[in-house]
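Each chain is listed here by its residues.
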Amino acid sequence: MHATSFQKLAGLAIVWCAAILLAVGSKSYDPDPAPVLPPVMVDFVVANGGLIEFSNGTTDDSVNMANLRGSFEKPANDRITLREVPVSFDVNTSWAASVLPADPDELLRGEFSAAVTDPLEFGFDRQPAIGQIRSDFAGTSTLVTFSATGASVTLQIGGGVAQTQGFQDFRNAYTDSNRDLNERMASKAYRTLENLWLVSRISETLHREIEQQLQMFESVGLQSSLELECDNPNGTPAPSHVMRWSNDVSDAGNAGNGDNFTVNWRNCLRNADGRYLEADMNIENYQLANDTAPRMMSYTAEALSLFFAARELPAGSFPDENQERVTGRFIVSANEQ
Amino acid sequence: MFKLSDFSSRACRSLTLTRHAALAVIAGVLVYLVGRDQMPVLMPLWLQTQPVLVHLRNFWPDFLTLQLPSFLHAYIILLMGIMVCRTGRLATVAIMGGTVLCLTLEFVQHPSVSSAVATAFVEVPDTGMRNVAINAVLAYVVAGTFDYLDLVAILLATLLLTLQIATSEPDRTRSVERP
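The rules behind the values
Residues numbered from 1 in each chain as written. Chains lettered and ligands numbered in written order. Predicted model: local features only at pLDDT ≥ 70, side-chain atom pairs only at ≥ 80, totals over all residues. Heavy atoms only, no water. Helix = DSSP H or I, 4+ residues; strand = E, 2+ residues; numbered from the N terminus. Buried < 20%, exposed > 50% of the residue type's maximum accessible area, 1.4 Å probe, protein only. Contact = heavy atoms within 4.5 Å. Areas by Shrake-Rupley, 256 points an atom, 1.4 Å probe, with all protein chains shown as cover. Pairing = 2+ DSSP bridges. Patch = residues over 30% accessible without salt bridge, like charges linked within 9 Å, V, L, I, M, F, W, Y side chains within 5 Å. Salt bridge = Lys/Arg side-chain N within 4 Å of Asp/Glu carboxyl O. Axes fitted to C-alpha atoms, helices over the stretch in contact; angles between N-to-C directions. Parallel < 35°, antiparallel > 145°, perpendicular 65-115°, else oblique. Left-handed = near helix turned anticlockwise from the far one by under 90°. Nonpolar A, V, L, I, M, F, W, Y, C, P; charged D, E, K, R; others polar. pLDDT = per-residue confidence, 0-100. Core = buried A, V, L, I, M, F, W, Y, C linked by side-chain atoms within 4.5 Å. Expected span 1.5 Å × (residues − 1).

Novice: Break down the overall build of chain A for me, with residues and values.
Specialist: Along chain A, the regular secondary structure elements total 3 helices and 16 strands. When each of the 337 residues of chain A is scored for burial, the buried share is 50%. Sequence-distant contacts in chain A: of pairs separated by 6 or more residues, those separated by 24 or more amount to 56%. Accessible surface, chain A: about 14500 Å² in total, of which carbon and sulfur atoms supply 53%.

As structure tokens, then:
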């Protein structure tokens, strides 16, 4: 029996609906590929807009007077890279902290200030090799020089005799109540820099995420909150990215200079970067990155809670819950050369 | 000699249609599994990370992807339409309507159109599926790419199928004899 015209039309409608679903469902999440960009050096500054605190549930560290200045080489065709490029900190980097008596024992307390005196590099799973930092505590300066192999450091306390010890030994020295207090504080200063380095990578990540979402929302006229999937379409728990204007200074619904946003991210960055990002943040005075080199971008971020996995995670795994969460206010700016 | 007026009265052999459709679908699936840099939103993670697919992606030449997905998508849709509406005016509707649909799906990604489409979607009332729909639409429309070569690929698919029909033997068991 031949199909009637109505049945054929119904079949045709099903085929066309399938065409729409196929077209939309086969779309990949990431936006258009970036235009061809040469490799560039990026200079960045993460300045302290207030107290930055690191907490892993058992210990709390707070940092003030942080002025992270560094640079990294962005590979070709990268807008914002989260890949395993080393980040070098130059001699303009300085930071300070107040060490509480309970962290990690009653003996280690007081305020220190520190600075990079010879540029050093950090990376994920890459400890500093070459470079030097100085920590100042109670009127005594301690120089920490990192060996070229990264296996050992040389300590010179108050201009005294230089001592060599293993890198991990120095890194954990702040927990040893039998060690010299200046040595422990230098160790503490280094561990603080490790956390601050993470903040610099976090801010790079944040900027990339914000830029991607803003490119998607441009001219849509988003005035109310909108929950979107961030780049983890198959994640558990369900990924989400909620971004909303809190103060649209530049133009109604369009991202522009001076705008403020609030962002809430859950379980993001798993698909494209193999990381884990969870954050509740206020972004203020966002400055758009221009499309042509040299690109400049900046914003002020207040992290109400920020959790960022420092290392790539296999699919389906979750980060160590003991890794620090960051709260506080920091100002980010970056310039390409 | 092929006459345009004879177009509606011709039909492909069902076996040829099915074979062509199967080949096109296999080719399309292969392109999306191994030929694209970014995985489709609906593709499960376990499938994306299969070692054989990861290995094949390393050897897949980029030039084989380009506009091929747009061509295959249009070709498959037109084929399926002809398999449903093989003769008469509906066959013409299947080809023309399918082509217009594919071209529309490409045009909605144009920057001058995509914003308006996305804005309209943001305003729809929440019926429980709003977020899912908005995610899908925004990912496709706003983050999509409008490429003139994709339009060419769609028109080439239409042309190829039209030529296939025009050069094929009519289905003698089902052809409509004009008085």
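Following the structure, the description resumes.
Novice: Can you break down the overall build of chain B residue by residue, with the values?
Specialist: Broken down by element type, chain B carries 8 helices and 0 strands. Counted from the first residue to the last, chain B has its helices and strands arranged as α-α-α-α-α-α-α-α. Counting all 179 residues of chain B, 43% fall into the buried class. For chain B, restricting intrachain contacts to residue pairs at least 6 apart in sequence, the fraction spanning at least 24 positions comes to 77%. Summed over all atoms, the accessible surface of chain B reaches about 10100 Å², with 69% contributed by carbon and sulfur.

Novice: Can you explain the pairing of strand 7 (residues 132–137) of chain A? Please cite residues and give values.
Specialist: All names here are of chain A. In the sheet, strand 5 (residues 110–118) pairs with strand 7 via 6 bridges, with the strands oriented antiparallel. Bridge assignment links Ser113 to a residue of strand 7, and that residue is Asp136. Alignment of strand 7 against strand 8 (residues 140–146), held across 6 bridges, turns out to be antiparallel. The partner of Ile133 across the bridge, within strand 8, is Val144. The turn linking strand 7 back onto strand 8 is made up of 2 residues, and Ala138 within it adopts a positive phi angle of 50 degrees.

Novice: Describe a nonpolar patch on the surface, listing the residues and the values that go with them.
Specialist: Residue and element names in this part refer to chain B. Together, Leu149, Val152, Leu156, Leu159 and Leu163 make up a nonpolar patch on the protein surface, roughly 450 Å² of accessible area in all. Tracing the backbone shows Val152 in helix 8 (residues 148–167). A relative accessible area of 43% means that Val152 is categorised as partly exposed.

Novice: Would you mind going over the packing of helix 4 (residues 68–84) of chain B against helix 5 (residues 88–107) of chain B in detail, with residue names and values included?
Specialist: All names here are of chain B. Where helix 4 meets helix 5, the closest approach of the two axes is 9 Å, and the angle between their N-to-C directions is 150 degrees. Classified by the interaxial angle, the pair formed by helix 4 and helix 5 is roughly antiparallel. In the crossing of helix 4 with helix 5, the sense of the turn from one axis to the other is right-handed. Here Ser70, His73, Ala74, Ile77, Leu78, Gly81 and Ile82 of helix 4 come into contact with helix 5, specifically with Ala91, Ala94, Ile95, Gly98, Thr99, Cys102, Leu105 and Glu106. A breakdown of the residues in the contact of helix 4 with helix 5 according to their chemical character gives 9 nonpolar, 5 polar and 1 charged.

Novice: Help me get a handle on the environment of A:Leu68, residues and values and all.
Specialist: Assignment of secondary structure puts A:Leu68 in strand 2 (residues 60–74). Residues in contact with A:Leu68, not counting those within four places in the same chain, are A:Phe44, A:Val45, A:Val46, A:Phe89, A:Thr93, A:Leu193, A:Leu196, A:Trp197 and A:Ser200.

Novice: Break down the confidence of the model for chain A for me, citing the residues and quoting the values.
Specialist: Residues and elements named next belong to chain A. When pLDDT is averaged along chain A, the result is 73; 61% of the residues meet or exceed 70. Here strand 11 (residues 226–228) stands out as the element of chain A with the lowest mean pLDDT, 57, in contrast to strand 8, whose mean of 95 is the highest. pLDDT under 50 marks residues 29–35. Its contacts with residues more than four places away, or in other chains, come to 18 contacts.

Novice: Give a description of the pattern of salt bridges that names residues and reports values.
Specialist: Residues and elements named next belong to chain A. Tallied over the entire structure, the rule returns 4 salt bridges over all chains. Across the pair Asp136 and Arg134 runs a salt bridge whose closest N-O atoms are separated by 3.1 Å. Given a relative accessible area of 28%, Arg134 falls into the partly exposed group. Ionic pairing is found between Arg179 and Asp176, a salt bridge with its closest N-O pair at 3.3 Å. The partly exposed category is assigned to Asp176, whose relative accessible area is 26%. Where salt bridges share partners, they join Asp169, Asp176, Arg179 and Glu183 into one cluster.

Novice: I'd love a proper account of the nonpolar core, names of residues and values included.
Specialist: Formed by 56 residues in total, the largest nonpolar core has its most connected members in A:Phe89, A:Trp95, A:Phe112, A:Ile133, A:Met281 and A:Phe330. Per element, the largest residue contribution to this core is 8 residues, and it comes from helix 3 (residues 181–217) of chain A. Residues B:Leu53, B:Leu72, B:Ile82 and B:Leu151 belong to the second largest nonpolar core, which totals 34 residues.

Novice: Break down helix 5 of chain B for me, with residues and values.
Specialist: Along its 20 residues, helix 5 of chain B runs 29 Å from first to last C-alpha, staying within 8% of the 28 Å computed at 1.5 Å per residue. Inspection of helix 5 of chain B places B:Leu90, B:Ala91, B:Ala94, B:Ile95, B:Gly97, B:Gly98, B:Thr99, B:Leu101, B:Cys102, B:Leu103, B:Leu105 and B:Glu106 among the buried residues, and these make up the whole buried set.

Novice: How would you summarise the confidence of the model for chain B if you had to cite specific residues and measurements?
Specialist: Residue and element names in this part refer to chain B. Of all residues in chain B, 57% have pLDDT values of 70 or greater, and the mean over the chain is 71. Low pLDDT, under 50, characterises residues 7–12; the stretch is placed with 26 contacts to residues that sit more than four places away or in other chains. Counted against residues more than four places away or in other chains, residues 173–179, with its pLDDT under 50, gives 2 contacts. For this predicted complex, the interface confidence comes out at an ipTM of 0.73, alongside a pTM of 0.58.

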